[in-house]
Amino acid sequence: MPEIKVTPLGAGQDVGRSCILVSIGGKNIMLDCGMHMGYNDDRRFPDFSYVTQNGRLTDFLDCVIISHFHLDHCGALPYMSEMVGYDGPIYMTHPTKAICPILLEDFRKITVDKKGETNFFTSQMIKDCMKKVVPLNLHQTVQVDDELEIKAYYAGHVLGAAMVHIKVGSESVVYTGDYNMTPDRHLGAAWIDKCRPDILISESTYATTIRDSKRCRERDFLKKVHESIERGGKVLIPVFALGRAQELCILLETFWERMNLKAPIYFSTGLTEKANHYYKLFITWTNQKIRKTFVQRNMFEFKHIKAFDRSYADNPGPMVVFATPGMLHAGQSLQIFKKWAGNEKNMVIMPGYCVQGTIGHKILNGQRKLEMEGRATLDVKLQVEYMSFSAHADAKGIMQLIRMAEPRNMLLVHGEAAKMEFLKGKIEQEFSIDCYMPANGETVAVKTNPSVPVDMSVNLLKREMALGGPLPDPKRPRSMHGTLIMKESSLKLVSSEQALKELALNEHQLRFTCRVALQDPHSDSETLHRIYTHLKSLLKGYTIQHLPDGTVMVESIVIKVSSSAEDANAKILLLSWSYQDEDLGSFLSSVLKK
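On a predicted model such as this, the values are computed, not experimentally measured, just so you know.

**Q** I'm lost on the environment of Y50 in this one. Help?
**A** For Y50, the location among the structural elements is in the loop between β3 (27-31) and β4 (63-65). Judged by its relative accessible area of 40%, Y50 falls in the partly exposed class. Residues Y50 and A161 lie 111 residues apart in sequence; the distance between their C-alpha atoms is 27 Å. Look past the residues within four positions of Y50 in its chain and what remains in contact with it is T7, L9, L21, G441 and T443. One polar contact links Y50 to T443, side chain to side chain, over a distance of 2.9 Å.

Written out as structure tokens, the structure is:
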């Protein structure tokens, strides 16, 4: 029985370093190729030695698909394609293709130029890697080769994020990447067809969370920022350059306008100017409201939000600063945090998920003394707030997607083991389907029941209808008699006459015969007549004839009687029938034996 195999090389019972191998119908696909924010050693990248010990990945993979531009989904791409070696196609949407190289270069600068790491990809490798990218449009079916096809669906989450439907023959898998089932200020909600895949591979970052209403959260956020500014404090909001950043900028921009506030809002790094440029470029990927207002004004041109310069961090007075990256593990957000941490008037608001091992994760868990590089400790006195503006689906959203796609099996990745375990139980209970949650390096094999499509000749269908059977009904399968012809890779069911004609063969008649012994004192012709009248009373609705040549015919079945030479009372009945009447023939022989 065919099966689909799924092995996470990253994101198995863990958040970060998403990289999932799928083997389906003889094809091998890599879904995402990310890095882990919590590690600086070998554990940063997925373990590709699982695929091949020595040799290029090209020989093993049919294609690589990247769901969106976040580094935990695409950060290991140049390492995989240029350093390990892969020359096949890499699929991603147009916005992902535009933004991915910028984030990779930014990440490389921080790691190599600032921290001086050596075993890392170069700028040239990023360029070479991007040359292998094939851009995807939403809802467009792309043939990777003769058998493998993929199709992208809108996932919300960030600009250009997509879920992919992967199909080989009648087997299929859907991979969600990261997605969001609630629309927000700048993106729509994820959506997919009722495609009933064999496996739905879903992220489960917030597997046990059901979020409160967004309005309350936004009100809360604005209230905290406002209070801090009123007390003369500085507010740091660590964000990733794209996604929540734009969401919160739109929110603060409208609030500042409405309240006529004067405190400055800054946005760090030149990355975001580029980011906003791409939002304008790919406006079709944003939500309805932004597309409508785009004609009058662009939501991404901010009046109150200015570019940040390093020297501003020491300016007196209140300010709000958006700085990258979002988990405080490096870069400008960490530098500003170190400067402001000692003052209790200041505040840091963490708007998204923080991976274990990052400073963000430590301060959210209440750590007040931090060990920094070079043995220095940092006292954290500022206020630490966590507000989930994360663009991941919550438990309700995950259940909603399952209802939408109706998968036969479910597989969870990109979440914490304990939370996954809880959601797994809920899914199995509510949908009565199997749910898997493999760890990194663990393979799940799911048996599939592929249906084989067969074309049917019109003549055969007409004949079936003429026989007066029930009308075709997809819920009630019925058997059809015909000849199956296989040409190249297609199958066709035709009537036997048509098959003989198409294949230029002669027809042979196949008949079954059977002998039944019985004791009867009458003559042979009388015995035959008694059998004729018995069958006539027994089988209503069948054609039964007594022929002059001394045989009885029931449909195509012939019955003859002969006496044994030794004993005149011992009669032998000979039955003969064609294979079409096999059921009736067997029934008659059992009746006559009685």
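From this point, the discussion proceeds with the structure in view.
**Q** Please clarify how the side chain of R108 should be interpreted in this entry.
**A** Tracing the backbone through its elements, the reader meets R108 in helix α3 (residues 94-114). A distance of 3.1 Å separates a polar atom in the side chain of R108 from a polar atom in the side chain of S123. Every residue in contact with R108, bar those within four places of it in the chain, is listed here: D113, F120, F121, T122, S123 and I126.

**Q** Honestly, the UniProt feature "domain: Metallo-beta-lactamase" (unreviewed entry) in the protein in this entry has me stumped. Any pointers?
**A** When the UniProt feature table is mapped to this numbering, "domain: Metallo-beta-lactamase" (unreviewed entry) covers residues 16-229. What you have in residues 16-229 is 27% helix and 23% strand, and the ends, taken at the C-alpha atoms, are 34 Å apart.

**Q** Looking at this model, I keep getting lost on the packing of helix α11 (residues 395-405) against helix α12 (residues 417-431). Mind explaining?
**A** Describing two packed helices takes the angle between their axes plus the distance from one axis to the other. Running from N to C, α11 and α12 point in directions that differ by 35°, and their axes come no closer than 12 Å. Viewed along their axes, α11 and α12 form a crossing whose handedness is right-handed. Side by side, α11 and α12 meet where A395, I398, M399, I402 and R403 of the first sit next to L423, K426, I427, E430 and F431 of the second. Among the residues forming the contact of α11 with α12, the class breakdown is seven nonpolar, no polar and three charged.

**Q** Would you mind going over a nonpolar patch on the surface with me for this structure?
**A** A contiguous nonpolar patch, built from V452, V454 and L484 and spanning about 270 Å² of accessible area, is present on the exposed surface. Counting through the fold element by element, V454 comes out in the loop between β22 (444-447) and β23 (455-456).

**Q** Just checking my understanding: could you explain the domain arrangement of the protein for this structure?
**A** A common way to express how large an interface is: the accessible area buried when the components associate. What the domain assignment lists for the protein is domain 1 (3-210 + 391-447), domain 2 (214-386), domain 3 (452-468 + 479-507) and domain 4 (511-593). Placing the centre of domain 3 and that of domain 4 at their C-alpha centroids yields a distance of 33 Å.

**Q** Can you walk me through the sheet that holds strand β6 (residues 133-136) in this structure?
**A** Either a parallel or an antiparallel arrangement is found when strands of a sheet pair, and the pairing is made through backbone hydrogen bonds. The seven strands are arranged β6-β5-β4-β3-β2-β1-β22 in an open sheet whose pairing can be described as mixed. Looking along the sheet, the strands with just one partner apiece sit at the ends: β6 and β22. Neighbouring strand axes in the sheet, compared pairwise and without regard to direction, differ in orientation by 25° on average. For strand β1 (residues 3-10) and β22, the ladder comprises four bridges, and the chain directions are antiparallel.

**Q** Sorry, what's going on with unusual backbone geometry here?
**A** In this model, T324 is joined to P325 through a cis peptide bond whose omega is -5°. Relative to the elements of secondary structure, P325 occurs in the loop between β15 (319-323) and α9 (331-340). For D32, which is not glycine, the phi dihedral falls at a positive 65°. Structurally, D32 is set in the loop between β3 and β4. Not every positive phi belongs to a glycine, and R196 is a case in point at roughly 40°. Along the chain, the position of R196 falls in the loop between β10 (171-175) and β11 (199-203).

**Q** Can you help me understand the environment of M480 in this one?
**A** Within the secondary structure, M480 is located in the loop between α13 (458-466) and β24 (483-487). Ignoring anything within four residues of it in the chain, the contact list for M480 reads M456, L461, E464 and L493.

**Q** Got a minute to help me understand the pairing of strand β16 (residues 347-350) in this structure?
**A** When a strand is regular, its side chains alternate between the sheet's two faces. Burial along β16 is two-sided: the face carrying M347 and I349 and the face carrying V348 and M350 are both buried. Across two bridges, the pairing between strand β12 (residues 234-238) and β16 is parallel. Along β16, the bridge assignment pairs L236 with V348. In terms of strand pairing, β16 meets strand β19 (residues 383-386) through four bridges, oriented parallel. The partner of I349 across the bridge, within β19, is E385.

**Q** Would you mind going over helix α16 (residues 582-593) with me for this structure?
**A** The α-helix advances 3.6 residues per turn, and as a result positions three or four apart in sequence lie on the same side. Over its twelve residues, α16 extends 17 Å from the first C-alpha to the last, a length consistent with the 16 Å expected when each residue adds 1.5 Å. Those residues of α16 lying buried are L584, G585, L588, S589, V591 and L592. Taken down its axis, α16 places every buried residue within 160° of arc, on the same side. Of the exposed residues in α16, the ones pointing more than 90 degrees away from its buried face are D583 and K593. Residues of α16 that are buried sit in contact with β26 (511-519), α15 (524-538), β28 (551-554), β29 (557-563) and β30 (570-578).

**Q** I keep staring at the pattern of salt bridges and nothing clicks. Help me out?
**A** Two side chains that carry opposite charge are able to pair once their charged atoms sit near each other. This structure, assessed with the given rule, holds 31 salt bridges. E3 is the partner of K5 in a salt bridge, and the nearest nitrogen-oxygen pair spans 3.8 Å. In this structure, D220 engages K224 in a salt bridge whose closest nitrogen and oxygen atoms are separated by 4.0 Å. A residue pair is termed a helical-turn pair when its members lie 3 or 4 positions apart in one helix, as D220 and K224 do in helix α5 (residues 214-230) at four residues. Several salt bridges converge on common partners, so that one network encompasses R56, E82, D87 and K132.

**Q** Can you walk me through the sheet that holds β30 in this structure?
**A** An order of β26-β30-β29-β28-β27 is seen for the five strands of this open sheet, with the pairing classed as antiparallel. What marks the edges here is a single partner per strand, and that holds for β26 and β27 (544-547). For this sheet, the mean angle separating the axes of adjacent strands, direction not counted, is 20°. Sheet strands in contact with α16 are β26, β28, β29 and β30, and its direction is about 170° off that of β30.

**Q** I would appreciate a short explanation of the nonpolar core in the present structure.
**A** Soluble globular proteins tend to pack their nonpolar side chains together in the buried interior. Ranked by internal contacts, the top residues of the largest apolar core, which has 161 residues, are I201, F221 and F337. Considering each element in turn, this core owes the most residues, eight residues, to helix α6 (residues 244-259). In terms of domain composition, this core takes at least three residues from each of domain 1 (3-210 + 391-447) and domain 2 (214-386). Ignoring any residue separated from it by four or fewer positions in sequence, one finds I201 in contact with V6, I20, V22, L31, V173, V174, Y175, T176, L411 and V413. Counting residues in each nonpolar core, the second largest holds 20 residues, with L535, I559, L588 and L592 among its members.

Analysis parameters
- Residues numbered from 1 in each chain as written.
- Predicted model: local features only at pLDDT ≥ 70, side-chain atom pairs only at ≥ 80, totals over all residues.
- Heavy atoms only, no water.
- Helix = DSSP H or I, 4+ residues; strand = E, 2+ residues; numbered from the N terminus.
- Buried < 20%, exposed > 50% of the residue type's maximum accessible area, 1.4 Å probe, protein only.
- Contact = heavy atoms within 4.5 Å.
- Polar contact = N/O pair within 3.5 Å; in protein donor to acceptor, adjacent residues only side chain to side chain.
- UniProt positions renumbered as here; feature names shortened; annotations may be inferred.
- Axes fitted to C-alpha atoms, helices over the stretch in contact; angles between N-to-C directions.
- Left-handed = near helix turned anticlockwise from the far one by under 90°.
- Nonpolar A, V, L, I, M, F, W, Y, C, P; charged D, E, K, R; others polar.
- Patch = residues over 30% accessible without salt bridge, like charges linked within 9 Å, V, L, I, M, F, W, Y side chains within 5 Å.
- Areas by Shrake-Rupley, 256 points an atom, 1.4 Å probe, with all protein chains shown as cover.
- Salt bridge = Lys/Arg side-chain N within 4 Å of Asp/Glu carboxyl O.
- Domains from an automatic or database assignment.
- Pairing = 2+ DSSP bridges.
- Expected span 1.5 Å × (residues − 1).
- Arc of directions from axis to C-beta.
- Core = buried A, V, L, I, M, F, W, Y, C linked by side-chain atoms within 4.5 Å.

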